[in-house]
Amino acid sequence: MTKHERLVAANEHLPPCLQILKARLLDFDSEAGTADLQFDVSEQFCHSVNVVQGGNVTAMLDAAMSHAVFMQETDVVALPTLELKVSFLEPTLAGRVTAHGKVIKSGRSIAFLEGTLINAEGLVAATASSTAKLVRRK
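The structure contained in this document is the topic of the report that follows. Remember, predicted model here, so these are calculated numbers, not experimental data.

Calculation criteria
Residues numbered from 1 in each chain as written. Predicted model: local features only at pLDDT ≥ 70, side-chain atom pairs only at ≥ 80, totals over all residues. Heavy atoms only, no water. Phe/Tyr/Trp six-rings, centres within 6.5 Å; stacked < 30°, edge-to-face > 60°. Lys NZ or Arg CZ within 6 Å of the ring centre and 35° of its normal. Salt bridge = Lys/Arg side-chain N within 4 Å of Asp/Glu carboxyl O. Helix = DSSP H or I, 4+ residues; strand = E, 2+ residues; numbered from the N terminus. Buried < 20%, exposed > 50% of the residue type's maximum accessible area, 1.4 Å probe, protein only. 1 Å grid on protein atoms, 1.4 Å probe; cavity = no way out; pocket = protein on both sides within 12 Å on 5 of 7 lines; lining within 4 Å. Points joined across faces, edges and corners; volume = space filled by probe spheres on them. Nonpolar A, V, L, I, M, F, W, Y, C, P; charged D, E, K, R; others polar. Pairing = 2+ DSSP bridges.

## Overview of the packing of aromatic side chains
As enumerated under the stated definition, the model contains zero aromatic pairs in all. One residue, lysine 3, lies across the ring of phenylalanine 28, its end atom 5.2 Å from the ring centre.

Right, dumping it as structure tokens:
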């Protein structure tokens, strides 16, 4: 399958929790273990003053980190998060944001991941690190 075909397939099979955030996988590098997702977040995901609620910011970071794994490890069928830390650095407002996920290290059953969320102003709005369990196809 070509890279373009994998992008199309991934975007056609995004889970509903990402579809509602209007997610789209923009790019990935399976060799480097990276993935970039774009989100068009509506005000329904905000609390006061148009600021996206932190749980939704976390979901976007988690999705980017997960896609970095899924695009690198084609036999991974599930990726339960074992630990997740998020640092909120700048406000994330409704609108278009980009999340970058990276596989730091991946073994047979555990992956260590990092994520960065870039807000509409081009600033790093949040960062994350995660440990996840790799559930592989039998």
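## Looking at the pattern of salt bridges
Taken as a whole and judged by the stated rule, the model has four salt bridges. The partner of aspartate 27 in a salt bridge is lysine 3, with the nearest N and O atoms 2.7 Å apart. Of the two residues, aspartate 27 sits in strand β1 (residues 23-29) while lysine 3 sits in helix α1 (residues 3-12), which places them 24 residues apart along the sequence. Taking the relative accessible area as the measure of exposure, lysine 3 reaches 40% and is therefore partly exposed. By sharing partners, the salt bridges in this structure join Glu73, Asp75 and Arg136 into a single network.

## What about the layout of surface pockets?
Estimated volume of the largest pocket: approximately 390 Å³. Considering the residues around the largest pocket, the lining is formed by 15 residues, among which Arg6, Ala10, Phe70, Met71 and Val76 are closest to the centre. Among the elements of the structure, α1, α3 (54-72) and β3 (76-78) are those that each provide at least two residues to the lining of the largest pocket. The residue makeup of the lining of the largest pocket, split by class, is nine nonpolar, three polar and three charged. Its boundaries defined by the atoms lining it, the second largest pocket holds a volume of some 160 Å³. What lines the second largest pocket is Pro15, Cys17, Leu18, Leu21, Ala59, Asp62, Ala63, Ser66, His67 and Phe70. Elements with a minimum of two residues in the lining of the second largest pocket: α2 (16-19) and α3. Here the lining of the second largest pocket is composed, by residue class, of seven nonpolar, two polar and one charged.

## Considering the pairing of strand β6 (residues 110-118)
Here is the key point about a regular strand: its side chains alternate between the two faces of the sheet. Only one face of β6 is covered, namely the one carrying Ala111, Leu113, Gly115 and Leu117; the face carrying Ile110, Phe112, Glu114, Thr116 and Ile118 has none of its residues buried. By the bridge criterion, eight bridges tie strand β5 (residues 95-106) to β6 in an arrangement that is antiparallel. Residue pairing in the sheet places threonine 98 in a bridge with isoleucine 118 of β6. The hairpin turn running from β5 into β6, its antiparallel successor, is three residues long. Examined bridge by bridge, β6 and strand β7 (residues 124-133) share nine bridges and lie antiparallel to one another. Bridge pairing links glycine 115 to alanine 128 in β7. Joining the antiparallel neighbours β6 and β7 is a turn of five residues, in which glycine 122 adopts a positive phi near 85°.

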